[in-house]
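# Chains, contacts and geometry: an overview
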Amino acid sequence: MTDTDVQNANADANVVAKKMTLIEAINLALADAMEADPKVVALGEEVADKQEGGVMGVTKGLSTRFGDDRVRSTPISEQAIIGAAIGASIGGYRPVAEIMLMNFVTVAMDMITNHAAKLRFMSGGQTNVPIVIRTMTGSGFSTGGQHSDYLEAWFAHTPGIKVVAPSNPDDAYGLMRSAIEDDDPVLFIEHLPSYWTPGPVSRQHVPIGKARVAREGNDVTLIGHSRAIGDGLAAAAILEKEGLSVEVIDLRTISPWDRETVIASVRKTGRALIVHEAVRQFGIGAEIAATIQEDLWGVLKAPVKRLGGAFSPVPFSKPLETAFVPSQDDIVATIRHLAAAG
Amino acid sequence: MSNYPKPDAATLLEIYKKATLIKQNDERVIRQMKAGKLVTPYYSPRGQEIIPSALSVSLDDDDYICTIYRGGHDMLAKGFPLDIMWAELAGRATGSCKGKGGPMHLTYPEKGIMVTTGIVGSSMPIATGLGWAAKMDGKNRVSIANFGDGASNIGAFHESLNLAALWKLPVIFLCQNNTYAEHTSMQDSTLIEQYSIRGASYGMPGVTVNGNDPDEMYGVAKVAIERARAGEGPTLIEAMTFRFNGHLVGEAGHYMDKDAYAKAQGVDPVPLLRQRLIDDGIASEDEIAAIEADIDRRITAAIEAADAAPFPDTTELKRDVFAHEIA
């Protein structure tokens, strides 16, 4: 999709784009949200057009269209960025703050977990923090230990903040619109290696907290989010040729996660595999696996399995980095094993 | 300080009323704690009463403040109602935060009291954001970030001052320098003698003021507030003061310099202002006694109402975590 196509899409709210990258989908969602509500503002390092609309161009064109007052580039000051977003939100705005890479949220953890996530509760509901924190991550670019982590479990463990991780452009658009309109803080995790993968965009809102059945199946349920969905669907296509029917559930929202959809699927298939790129130990797979086993003990035909990243920092060297992430082969092998059991 | 505006007689009396409310309230909190009727970590602002009292007479209800765990004085000066404050201190359902915040997280947006934080330094980034909102609103609102000398050394201080200066936000960074960061003296934590000089690093005015002097504090605060309202950007005020209790009520403060402590208590700012009002003929002894008795009655009524109020229902655990309850 060219810039002109995006502009044309912007011009007609009912248009359904046939092909758009994740970057373009998020950009369109931000533009539509800013158009719809003057209280929506954006801030972050290099987000304005003077600095080329973000390091990956996700916010490109927004400051030119909506003005430098509504789209503000900041110094490299993560605490100040999230603090400014929180303050502006309790002052009546809906800021979308970019923390360039997910590892940099560490610098702003106090603002996110002690303040954004808790101010509503601690004030007895008097204040709320309707902010979106956009961030990107994902291994595959040989960026090493401090630029590649998936840290969703930290935030899913924190009451008061919602965690969203789209796997495709259509969901990215729809979830971003919902996140901006949500009265709670939302951490919006963008998968960097999928940024340029195109897909259709219907310009519909996607509800937060609702999973999507990405592929129907009867033998094994694969549960994941973000990059795991592409790998999971590819694995399912391979296994189909072997006569194995895999249901793929895209969580889309990690917290609150859609237990109903997951439990209904595993009740049907009797077998579950959870896949994520974040390290397996204490990852969200543990929570989902435990819940499935609590709810479906006696129904399960095999123990719930988890695949996650190795318990190491993300390595630099290519073969190591590749080995860090659960591979498509790992997924295929684990599903075969699950299907063979029981 | 000679070229700063001075408070007139009515304003001085207003400052005294606020300072007295803070002092008497603090004494009652400690009395209730000692009687075993109030169980809470409590960070007394005794000794620091004049700072927010002399500042807030120049603020409106819709100006914003963010404050910290030692912030009861800031909140009362800004107009926090006594009854719902005491109910919150006692953890009751009728408290401003339904008993879910407590003394370290008191909130009352109706009077612009937006955030009280228990994390050193965290008032500043959020107050900066409120300043950003105020600027976007175009209503000449100002945002006050209260913090202590200890918070002047955390990263959030530097990030916030830089951003507020860069964006010309209507924020006042009010460092209430009581010379102790918890148990650590200023001399043991920094080589500079005045935090206000750091304003220059970010391109904003920085001024050190005797925070216990109502004339100085009023004048410097008023100039900073007017500067902010005029769109000229933030100011760093370092208000020198002294805290009359340990970091936490219940610890004796043995780490504090004994001579400096005795000297500070000898110039307790609230009775000094009281005497000045009488000496200058601004109010008579009887008028002041009536003000004090009225405050005492209001505090007593607030305590009695709080004691009689119910505790929150345990269903409150799930409420206000998110905008809509999630199973």
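Residues numbered from 1 in each chain as written. Chains lettered and ligands numbered in written order. Predicted model: local features only at pLDDT ≥ 70, side-chain atom pairs only at ≥ 80, totals over all residues. Heavy atoms only, no water.

As annotated in an unreviewed UniProt entry, chain B carries the name Thiamine pyrophosphate-dependent dehydrogenase E1 component subunit alpha and is attributed to Sphingomonas aliaeris. Checking UniProt for chain B, the heading Cofactor (unreviewed entry) contains the comment "thiamine diphosphate". (UniProt positions renumbered as here; feature names shortened; annotations may be inferred.)

Once that is clear, we can look at the overall build of chain B. Secondary structure summary: chain B contains ten helices and eight strands in total. By the compact-globule yardstick of 20 Å for 327 residues, chain B fits well, its C-alpha radius of gyration being 19 Å. With respect to the principal axes defined by its C-alpha atoms, chain B has extents near 55 × 50 × 40 Å. The buried share of chain B, reckoned over its 327 residues, is 58%. At a minimum sequence separation of 6, the contacts of chain B that also span at least 24 residues come to 74%. Accessible area of chain B: about 12900 Å², with a carbon and sulfur share of 52%. Each charge sign in chain B was given a centre, from 32 positive and 43 negative side chains, and these centres are 3 Å apart. (Helix = DSSP H or I, 4+ residues; strand = E, 2+ residues; numbered from the N terminus. Rg over C-alpha atoms; globule rule 2.2 N^0.38 Å. Buried < 20%, exposed > 50% of the residue type's maximum accessible area, 1.4 Å probe, protein only. Contact = heavy atoms within 4.5 Å. Areas by Shrake-Rupley, 256 points an atom, 1.4 Å probe, with all protein chains shown as cover. Lys, Arg positive; Asp, Glu negative; His and termini not counted. Charge placed at Lys NZ, Arg CZ, Asp CG, Glu CD.)

With omega at 0°, the peptide bond leading from Ser255 of chain A into Pro256 of chain A counts as cis. Positive phi, close to 50°, is recorded for Lys168 of chain B, a residue that is not glycine. Topologically, Lys168 of chain B is positioned in the loop between helix H6 (155-166) and strand E4 (171-177). Judged by its relative accessible area of 43%, Lys168 of chain B is partly exposed. In this structure, Thr179 of chain B is a non-glycine residue whose phi angle is positive, near 70°. Note that Thr179 of chain B resides in the loop between E4 and strand E5 (180-181).

Attention now goes to the sheet that holds strand E2 (residues 40-45) of chain A. Remark on secondary structure: sheet strands pair via backbone hydrogen bonds, oriented parallel or antiparallel. All names here are of chain A. Taken in spatial order, the seven strands make up an open sheet running E3-E2-E4-E5-E7-E6-E12, and their pairing is mixed. The open sheet has two edge strands, strand E3 (71-74) and strand E12 (253-255), and neither has a second partner. Across this sheet, the average inter-strand angle for adjacent strands is 20°, counted without regard to direction. Note: strand E4 (residues 94-101) against strand E5 (residues 132-137), five bridges, orientation parallel. By the bridge assignment, Val96 is partnered in E5 with Val132. Here helix H4 (residues 78-90) sits on the sheet and contacts E2, E3, E4 and E5; the angle it forms with E4, its principal contact strand, is near 165°. (Pairing = 2+ DSSP bridges. Axes fitted to C-alpha atoms, helices over the stretch in contact; angles between N-to-C directions.)

Let us look at the packing of helix H1 (residues 9-34) of chain B against helix H7 (residues 214-229) of chain B. All names here are of chain B. Two elements in contact, H1 and H7, have axes separated by 11 Å at closest approach and are oriented at 105°. Judged by the angle between their axes, H1 and H7 are roughly perpendicular. Each of Thr11, Leu12 and Ile15 in H1 lies in contact with H7, whose residues at this interface are Pro214, Asp215 and Tyr218. Among the residues forming the contact of H1 with H7, the class breakdown is four nonpolar, one polar and one charged. (Parallel < 35°, antiparallel > 145°, perpendicular 65-115°, else oblique. Nonpolar A, V, L, I, M, F, W, Y, C, P; charged D, E, K, R; others polar.)

The next point concerns the side chain of Arg215 of chain A. All names here are of chain A. Looking at the element boundaries, Arg215 is found in strand E9 (residues 212-215). Reaching out from Arg215, the side chain makes a polar contact with the side chain of Glu240 at a distance of 3.2 Å. A polar contact of 3.5 Å, which involves the side chain of Arg215, links it to the backbone oxygen of Val246. (Polar contact = N/O pair within 3.5 Å; in protein donor to acceptor, adjacent residues only side chain to side chain.)

On to the packing of aromatic side chains, then. Residues and elements named next belong to chain B. Per the counting criterion, the structure on display carries nine aromatic pairs over all chains. Summarising the aromatic geometry, the rings of Trp132 and Trp167 are spaced 5.3 Å apart at their centres and angled 55° between planes, so their arrangement reads as tilted. Here Trp132 is found in helix H5 (residues 123-137), whereas its partner Trp167 is found in the loop between H6 and E4, with 35 residues between them in sequence. Trp167 carries the same exposure label as Trp132, and that label is buried. (Phe/Tyr/Trp six-rings, centres within 6.5 Å; stacked < 30°, edge-to-face > 60°.)

Our next topic: the interface of chain A and chain B. Of the residues lining the interface, 40 residues belong to chain A; the matching set on chain B comes to 39 residues. Together chain A and chain B conceal approximately 3300 Å² of surface at their shared face, both sides included; 67% is due to carbon and sulfur atoms. It is Phe121, Met122 and Gln126 of chain A that lose the most area in chain A upon contact with chain B, and together they represent 19% of the buried surface on that side. Our count for the contact surface shared by chain A and chain B stands at one salt bridge. Note that Lys39 of chain A and Asp137 of chain B form a salt bridge whose closest N and O atoms lie 3.5 Å from each other. Here chain A is connected to chain B by twelve residue pairs in polar contact (both at pLDDT 80 or more). Elements supplying a minimum of two residues to the side of chain A that touches chain B: E2, E3, H4, helix H5 (109-116) and helix H6 (119-122) of chain A. Among the elements that line the side of chain A that touches chain B, the one with the most residues is H4 of chain A, at nine residues. Here the residues of the side of chain A that touches chain B sort into 16 nonpolar, 15 polar and nine charged. (Buried area = accessible area lost by both parts, 1.4 Å probe. Salt bridge = Lys/Arg side-chain N within 4 Å of Asp/Glu carboxyl O.)

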